[in-house]
Amino acid sequence: MKKRGMSTVIITVILIAFTIILVTGFYMWGTRFSEDIVSGADDESKQNLYALQNVKIKINSVKLPSVANSQQFEINIENLGKAILIGVIVRLTEGTTIKTEQSEFDDEVSQFESYAFKKVFRDCNSNSECKQNCLPDICIIKDYDKIEVIPIIKNENGEEITVKGSIAIKEK
């Protein structure tokens, strides 16, 4: 009877030791696995994370084209994030027409700075006269339903990134 009790204790100790070894092995494997995932993240993921943490813009105002401002939209934006803006991509929607134009800034726009820029949007596909020679007076888009501004920034390495996850939208 003494041997039987002793073997139960020994089996229990062995099972506990085996469980501890197994849990430790899984923990070490999981730690290495998660480190590999983090260190193996590609540059685009790191850039997207940087952009999401440091980019926020706001459209302060949009002035419609007129004779006074040479048929250009005047868009005033404000940089509310930490990243430096070097340009934007502007997507204008008027009815079913969507036009996209890129603007490079003359100066970098730092945090809490505003910047106004002018852009002409032409729709050369809407009617036959525009398709033939894109006449400026006929083809200029003069109104909008929605304007989206997609920032272009410099990251901490000085590389240009178009930040698709931080879009400022102004609807009429």
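Keep in mind that what you see is a predicted model, and the values were worked out from it rather than measured.

(A) Highlighting the sheet that holds strand β5 (residues 114-119). The antiparallel open sheet is built from 3 strands, whose spatial order is β1-β2-β5. Strand pairing shows two members of the sheet lacking a second neighbour, β1 (57-63) and β5, which therefore form its edges. Averaged over all adjacent pairs, the angle separating strand axes in this sheet is 25°, with direction ignored. Both β1 and strand β2 (residues 73-79) contribute to a ladder of 6 bridges, which runs antiparallel. The residue bridging V62 from the neighbouring strand is I75, located in β2.

(B) Local environment of the layout of surface pockets. Space inside the largest pocket adds up to approximately 170 Å³. Taken together, 10 residues line the largest pocket, and the ones lying closest to its centre are N48, I161, T162, V163 and K164. For the lining of the largest pocket, the elements supplying multiple residues, two or more each, are α2 (43-54) and β7 (160-162). With 5 residues, the top contributor of residues to the lining of the largest pocket is α2. Here the lining of the largest pocket is built from residues that sort into 4 nonpolar, 4 polar and 2 charged.

(C) Region of the structure containing the pairing of β5. Burial along β5 is one-sided: the face carrying Y115, F117 and K119 is buried and the face carrying S114, A116 and K118 is not. As paired elements, β2 and β5 share 6 bridges and run antiparallel to each other. Paired with I75 across the two strands is F117, which belongs to β5.

(D) Quick look at the nonpolar core. Core analysis: the largest hydrophobic core is formed by 26 residues, its most contacted members being I77, I147 and I153. Going through the elements one at a time, α2, β1, β2, β3 (84-94), β4 (97-109), β5 and β6 (146-154) are the ones with two or more residues in this core. Here the element with the most residues in this core is β3; it accounts for 4 residues. Not counting the four nearest positions on each side in its chain, I153 is found in contact with Y50, A51, V55, A83, I84, L85, I86, E159, E160, I161 and V163.

(E) View of the environment of I86. Within the fold, I86 resides in strand β3. Measuring from C-alpha to C-alpha, the distance between I86 and D107 comes to 7.1 Å, with 21 residues separating the pair along the chain.

(F) Quick look at a nonpolar patch on the surface. On the surface, a nonpolar cluster with roughly 590 Å² of combined accessible area is contributed by F18, L22, F26, W29 and F33. By secondary structure assignment, the location of L22 is in helix α1 (residues 2-39). Given the relative accessible area of 41%, L22 is considered partly exposed.

(G) View of the pattern of salt bridges. Applying the stated criterion across every chain, the model contains 3 salt bridges. Of the charged contacts in the structure, one is a salt bridge between K118 and E74, with a shortest N-O distance of 4.0 Å. Within this pair, whereas K118 is found in strand β5, its partner E74 is found in strand β2, the two being separated by 44 residues in sequence. For E74, a relative accessible area of 21% gives the class partly exposed.

About the criteria used
- Residues numbered from 1 in each chain as written.
- Predicted model: local features only at pLDDT ≥ 70, side-chain atom pairs only at ≥ 80, totals over all residues.
- Heavy atoms only, no water.
- Pairing = 2+ DSSP bridges.
- Helix = DSSP H or I, 4+ residues; strand = E, 2+ residues; numbered from the N terminus.
- Axes fitted to C-alpha atoms, helices over the stretch in contact; angles between N-to-C directions.
- 1 Å grid on protein atoms, 1.4 Å probe; cavity = no way out; pocket = protein on both sides within 12 Å on 5 of 7 lines; lining within 4 Å.
- Points joined across faces, edges and corners; volume = space filled by probe spheres on them.
- Nonpolar A, V, L, I, M, F, W, Y, C, P; charged D, E, K, R; others polar.
- Buried < 20%, exposed > 50% of the residue type's maximum accessible area, 1.4 Å probe, protein only.
- Core = buried A, V, L, I, M, F, W, Y, C linked by side-chain atoms within 4.5 Å.
- Contact = heavy atoms within 4.5 Å.
- Patch = residues over 30% accessible without salt bridge, like charges linked within 9 Å, V, L, I, M, F, W, Y side chains within 5 Å.
- Areas by Shrake-Rupley, 256 points an atom, 1.4 Å probe, with all protein chains shown as cover.
- Salt bridge = Lys/Arg side-chain N within 4 Å of Asp/Glu carboxyl O.

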